[in-house]
Amino acid sequence: MAIVSRGFAGRARTVAPELPPGQYLVDDFPVLSAGPTPRVDLDSWEFAITSETGVQHSWSWRELRALPSERFTVDLHCVTKWSKLDTAWGGVSLDTLLGAVGTSADYALVRCYGGYTTNLPVADLRDGKAWIVFEYDGADLHPEHGGPARLLVPHLYLWKSAKWVRGIEFRADDKPGFWESLGYHNYGDPWREQRYWGD
Amino acid sequence: MTVRRASWRIATVTALRRESATSRTLVLDVPDWPGHLAGQHVDVRLTAEDGYSTQRSYSIAAPWRRTQLELTVENVRDGEVSPYLTEVVEIGDELELRGPIGGWFVWSAQQAEPVLLLAGGSGVVPLMAMVREHADQASTAPFRLVYSTRSAVTAIYRDELERAAGAVLQVDWIFTRQAPTAGGRSAGRLSAADLLVDGWLDVQRPAIYVCGPSGFVESAATLLIAAGHEPGRIKTERFGPTGDQR
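Please read these numbers as outputs of a predicted model, since none were measured by experiment.

A. How the structure looks around a positive patch on the surface. On the surface, Arg77(B), Arg150(B), Arg177(B) and Arg189(B) cluster together into a positively charged patch. Residue placement: Arg177(B) occurs in the loop between strand S9 (169-175) and helix H4 (192-195).

Put into structure tokens, the structure is as follows:
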């Protein structure tokens, strides 16, 4: 049971939309990252999906951009408590990319330029829930926000939406990624407030 | 692996210290705190009388000393929680917090390599925890803190840092708007020259920690990489708004 904070009123909340527990609304777009922003050259950029048997499918920048893409609007929830609503993105659905790769694996490990990793169940990449995005708010995705391309899985906390994505590895076992090894929740559902280990 | 949830704990404010016009240190008594590493942060939860509650993260400013936990909070204009912590809270008040959080942006005295700390504004707080831990543990690892702030008036921990500077801790001030005395470095943002300092070059392979607003971190990391430091040796922590819609 929470204790009441003497003298704390909080912001006016008559217009506060429904947010996941513990989140607050922002209008700007904060940047968070564990290291320097990698600068990725589009001529050598590559995105690869590797199956659990080691079969690899890869796309150059040109090949990725030639795939059918979609524009969509979603809400973002960061584990550092901010939420940003109605963000507009453009990118390729993971369903399109997974169509090229057969897998019966349950787990995925996402790898990035700069060395970042994150893990999630393959099921969370399917059925219109995940994209490789390269456009934000009608413009090329800025490097600080993960450009040229990032994974976007908006139903999970935003650390799962790996910036500067370079590949997805399907695995029979669930290997914790960067933050998942450093105290953050393995799955990260904002609506169940799965921020940290044991939540 | 069985992991115990980081539960909410009740902390009691035992002392308050004004650090600058806009920042304040809260010394908290947390009887069952599990301890923490220098650089970690906590989540603070406030609850209004009608049950409305909100959470924010704050860096821990000092090593764990028996039952005392220190947070230094900068008052963010139009903020919801920081004005309460910097202006309203009194000694004896209770706050809910949980943690420690974050296992990446940390330093421990087991690390022997040189350490370069770059602070922008209140980004100095987790770096100050490292400086204090370094002193408490009598570490001989060379430390250099480069602290960028607008002027002497906005500087946090200035007296303590001036006193602590010595053989194993070099402190360099970057005043971006107004330098306090003539003859020193003139006012201006962090530049390449501030990083090309003997003992702190890429060949010395320091571990580097950069903390501050996003714009500061981005430009500092760019300067560091241009100076030859490996990206893999640079840890960053950013906070606050971007100030734009990018």
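B. Up close: the interface of chain B and chain A. Listed as interface residues are 51 residues of chain B and, on the opposing side, 42 residues of chain A. Together, the buried faces of chain B and chain A total about 3900 Å²; carbon and sulfur atoms form 51% of this surface. Applying the counting criterion to the chain B and chain A interface returns 6 salt bridges. Note that Arg98(B) and Asp199(A) form a salt bridge whose closest N and O atoms lie 2.8 Å from each other.

C. The arrangement of the nonpolar core in detail. Formed by 42 residues in total, the largest nonpolar core has its most connected members in Leu125(A) and Phe170(A). If you list the elements that add at least two residues to this core, you get strand S2 (46-50), helix H1 (61-66), helix H2 (94-98), strand S6 (107-112), strand S8 (131-136) and strand S11 (165-171) of chain A. Residues within four places of Leu125(A) in sequence aside, it is in contact with Leu94(A), Asp95(A), Leu98(A), Ala108(A), Leu120(A), Ala130(A), Leu151(A), Ile168(A) and Phe170(A). Grouped together as the second largest cluster of nonpolar side chains are 28 residues, Trp107(B), Ala155(B), Leu169(B) and Tyr209(B) included.

D. Just the domain arrangement of chain B, in detail. All names here are of chain B. For chain B, the domain assignment lists domain 1 (8-101) and domain 2 (115-239). Each side of the interface is counted separately: domain 1 has 17 residues, and domain 2 has 15 residues. Together, the buried faces of domain 1 and domain 2 total about 1200 Å²; carbon and sulfur atoms form 55% of this surface. At the surface where domain 1 touches domain 2, the tally comes to 1 salt bridge. The salt bridge partner of Glu-70 is Arg-132, with a shortest N-O separation of 3.8 Å. Applying the counting criterion to the domain 1 and domain 2 interface returns 3 residue pairs in polar contact (both at pLDDT 80 or more). Sorting the residues of the side of domain 1 that touches domain 2 by element identifies strand S1 (9-20), strand S2 (23-29) and strand S5 (68-74) as the ones contributing at least two each. For the side of domain 1 that touches domain 2, a count of residues per class yields 6 nonpolar, 6 polar and 5 charged.

E. View of the state of the cysteines. Enumeration according to the criterion identifies 0 disulfides over all chains in this entry. Summary of cysteine pairing: Cys112(A) is not part of a disulfide, and the nearest cysteine sulfur, belonging to Cys78(A), is at 15 Å.

F. Region of interest: the side chain of Lys235(B). Within the secondary structure, Lys235(B) sits in strand S11 (residues 234-239). The side chain of Lys235(B) is buried and forms no salt bridge, while Glu113(B), the nearest opposite charge, is found at 7.8 Å. Within polar-contact distance, the side chain of Lys235(B) engages the backbone oxygen of Trp104(B) at 3.1 Å. Setting aside chain neighbours within four positions, we find Lys235(B) in contact with Ala34(A), Trp104(B), Phe105(B), Ile208(B), Tyr209(B) and Val210(B).

G. The pairing of strand S6 (residues 94-101) of chain B, seen in detail. Residue and element names in this part refer to chain B. With 6 of 8 residues buried, S6 is to be regarded as a mostly interior element. With 4 bridges joining them, S1 and S6 adopt antiparallel strand pairing. Bridge pairing in S6 links Ala-11 to Leu-95. Of the strand pairs in this sheet, strand S3 (residues 41-47) and S6 are connected by 4 bridges, and their pairing is antiparallel. Bridged to Arg-45 within S6 is Glu-96.

H. Representation of the sheet that holds S11(B) within the structure. Residues and elements named next belong to chain B. Pairing within the open sheet is parallel, and its 5 strands lie in the order S9-S8-S7-S10-S11. The sheet is open, and its two edges are formed by S9 and S11, each paired on a single side. In this sheet, neighbouring strand axes are inclined to one another by 10 degrees on average, regardless of whether the strands run parallel or antiparallel. Where strand S7 (residues 115-120) and strand S10 (residues 207-213) come together, 5 bridges link them in parallel fashion. Paired with Leu-118 across the bridge in S10 is Val-210. Here helix H2 (residues 124-136) sits on the sheet in contact with S7, strand S8 (143-149), S9, S10 and S11, set at roughly 145 degrees to S7. Where helix H5 (residues 214-226) meets the sheet, its contacts fall on S7, S8, S10 and S11, and the angle it forms with S10 comes to roughly 150 degrees.

I. The arrangement of the sheet that holds strand S3 (residues 56-60) of chain A in detail. Residue and element names in this part refer to chain A. On the basis of which strands lie adjacent, the open sheet formed by 5 strands has the order S3-S2-S11-S6-S7 and mixed pairing. One side of each edge strand has no neighbouring strand; the edge strands of this open sheet are S3 and strand S7 (117-121). For this sheet, the mean angle separating the axes of adjacent strands, direction not counted, is 15 degrees. In this sheet, S3 lies alongside S2 in antiparallel orientation, the contact comprising 5 bridges. By the bridge assignment for S3, Phe-47 is matched with Trp-59.

J. Just the side chain of His36(B), in detail. The residue His36(B) is located in the loop between S2 and S3 in this model. Setting aside its immediate chain neighbours within four residues, His36(B) contacts Ile60(B), Ala62(B), Pro63(B), Trp64(B), Leu69(B) and Pro100(B).

K. Seen up close, the pattern of salt bridges. In total, this model carries 25 salt bridges over all chains according to the counting rule given. Of the charged contacts in the structure, one is a salt bridge between Arg171(A) and Asp173(A), with a shortest N-O distance of 3.2 Å. Note on Asp173(A): relative accessible area 39%, which makes it partly exposed. Of the charged contacts in the structure, one is a salt bridge between Arg56(B) and Glu80(B), with a shortest N-O distance of 3.2 Å. Within this pair, whereas Arg56(B) is found in strand S4 (residues 53-59), its partner Glu80(B) is found in the loop between S5 and helix H1 (82-88), the two being separated by 24 residues in sequence. Glu80(B) carries the same exposure label as Arg56(B), and that label is buried. What emerges from the salt-bridge pattern is a single network uniting Arg17(B), Glu19(B), Glu70(B), Arg132(B) and Glu160(B).

Calculation criteria
- Residues numbered from 1 in each chain as written.
- Chains lettered and ligands numbered in written order.
- Predicted model: local features only at pLDDT ≥ 70, side-chain atom pairs only at ≥ 80, totals over all residues.
- Heavy atoms only, no water.
- Patch = residues over 30% accessible without salt bridge, like charges linked within 9 Å, V, L, I, M, F, W, Y side chains within 5 Å.
- Areas by Shrake-Rupley, 256 points an atom, 1.4 Å probe, with all protein chains shown as cover.
- Salt bridge = Lys/Arg side-chain N within 4 Å of Asp/Glu carboxyl O.
- Lys, Arg positive; Asp, Glu negative; His and termini not counted.
- Charge placed at Lys NZ, Arg CZ, Asp CG, Glu CD.
- Helix = DSSP H or I, 4+ residues; strand = E, 2+ residues; numbered from the N terminus.
- Contact = heavy atoms within 4.5 Å.
- Buried area = accessible area lost by both parts, 1.4 Å probe.
- Core = buried A, V, L, I, M, F, W, Y, C linked by side-chain atoms within 4.5 Å.
- Buried < 20%, exposed > 50% of the residue type's maximum accessible area, 1.4 Å probe, protein only.
- Domains from an automatic or database assignment.
- Polar contact = N/O pair within 3.5 Å; in protein donor to acceptor, adjacent residues only side chain to side chain.
- Nonpolar A, V, L, I, M, F, W, Y, C, P; charged D, E, K, R; others polar.
- Disulfide = S-S within 2.5 Å.
- Pairing = 2+ DSSP bridges.
- Axes fitted to C-alpha atoms, helices over the stretch in contact; angles between N-to-C directions.

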